[in-house]
Amino acid sequence: MKKYFVSMVIAFSALVLLNGCIVSEKKLTDRVQSAIIDEERANGKTLEVTEFSLDDKTGKNYQGVLKGKLDGKDVVFDVKVVDEGDDFDVDWELRE
């Protein structure tokens, strides 16, 4: 009985940790997207995001692609993010 209980606790803990990572990455993606939109707005531009994902992860570094419309024109940005926990650094560059 004790083995069964310990196994269940370990399995539950792993499930909670895995779920926490997924939620954190989704939250980071949402925060980065908002930051890019806000920065473009501050520069007098309107960005409508149609697709955004941070697919490539190496440690705290993420890379992804943001697609959308910048002042009505179709654009694609390459996005790089360094996740610092409570904060993040983001750089995005327009593909030509």
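Residues numbered from 1 in each chain as written. Predicted model: local features only at pLDDT ≥ 70, side-chain atom pairs only at ≥ 80, totals over all residues. Heavy atoms only, no water.

Some points on the overall build of the protein chain
Our working rule: In this text, helices come from DSSP runs of H or I with a minimum length of four residues, and strands from runs of E with a minimum of two, each type numbered from the N-terminal end. The buried label applies to any residue whose accessible area, calculated with a 1.4 Å probe on protein chains only, is under 20% of its type's maximum; exposed applies above 50%, and partly exposed to all values in between. Contacts between residues were defined by any pair of non-hydrogen atoms, one from each residue, lying within 4.5 Å. For every accessible area listed, the method is Shrake-Rupley and the probe measures 1.4 Å; residues are considered covered only by the protein chains on display.
When helices and strands are tallied, the protein chain shows 1 helix and 4 strands. Counting from the amino terminus, the protein chain carries its helices and strands in the arrangement α-β-β-β-β. For the protein chain, with 96 residues in total, the buried portion stands at 21%. Long-range pairs, those at least 24 residues apart, make up 30% of the contacts in the protein chain with a sequence separation of at least 6. On the protein chain, roughly 7300 Å² of surface is accessible, and the fraction owed to carbon and sulfur atoms is 54%.

Things to note about the pattern of salt bridges
The criterion, for reference: Throughout this description, the term salt bridge denotes a Lys or Arg side-chain nitrogen within 4 Å of a carboxyl oxygen of Asp or Glu.
The final tally for this structure, using the stated rule, is 5 salt bridges. Residue lysine 26 is joined to aspartate 30 by a salt bridge in which the shortest nitrogen-to-oxygen separation is 3.0 Å. Of the two residues, lysine 26 and aspartate 30 both sit in helix α1 (residues 2-42), 4 residues apart, roughly one turn of that helix. For lysine 69, the salt bridge is made with aspartate 74, and the minimal N-O distance between the two is 2.7 Å.

A look at unusual backbone geometry
The phi dihedral of aspartate 71 is positive, around 50°, even though this residue is not glycine. Relative to the assigned elements, aspartate 71 resides in the loop between β2 (61-70) and β3 (73-83).

Overview of the sheet that holds β3
For clarity, the cut-off: Each pair of strands is called paired provided DSSP finds at least two bridges between the two strands. What counts as an axis is a line fitted to C-alpha atoms, over the stretch in contact for a helix, and the angles between N-to-C directions run from 0 to 180 degrees.
The 4 strands lie next to each other as β1-β2-β3-β4, forming an open sheet whose pairing is antiparallel. On the outer flanks of this sheet lie β1 (47-58) and β4 (88-94), each paired with one strand and no other. The sheet shows a mean angle of 20° between the axes of neighbouring strands, direction not considered. The pairing of β1 with β2 spans 10 bridges and is classified as antiparallel. Considered in β2, the bridge of threonine 58 is made with asparagine 61.

Here we look at the side chain of threonine 29
Mapped onto the fold, threonine 29 is located in helix α1. Not counting residues up to four positions away in its chain, the partners in contact with threonine 29 are Phe52 and Leu54.

Remarks on a negative patch on the surface
Note the cut-off: A patch consists of residues exposed above 30% relative accessible area that lack any salt bridge, with like charges linked at up to 9 Å and nonpolar side chains (Val, Leu, Ile, Met, Phe, Trp, Tyr) linked at up to 5 Å. For the charge count, each Lys or Arg is scored as positive and each Asp or Glu as negative, with His and the chain ends excluded. Taken as the charge location is NZ of Lys, CZ of Arg, CG of Asp or CD of Glu.
Judged by side-chain charge, Glu84, Asp86, Asp87, Asp89 and Asp91 come together as a negatively charged surface patch. Tracing the backbone through its elements, the reader meets glutamate 84 in the loop between β3 and β4.

Considerations on the environment of lysine 57
In this structure, lysine 57 sits in strand β1. A sequence separation of 23 residues divides lysine 57 from lysine 80, and the C-alpha atoms of the two residues are 9.9 Å apart. Contact partners of lysine 57, with chain neighbours within four places excluded, come to Glu25 and Tyr62.

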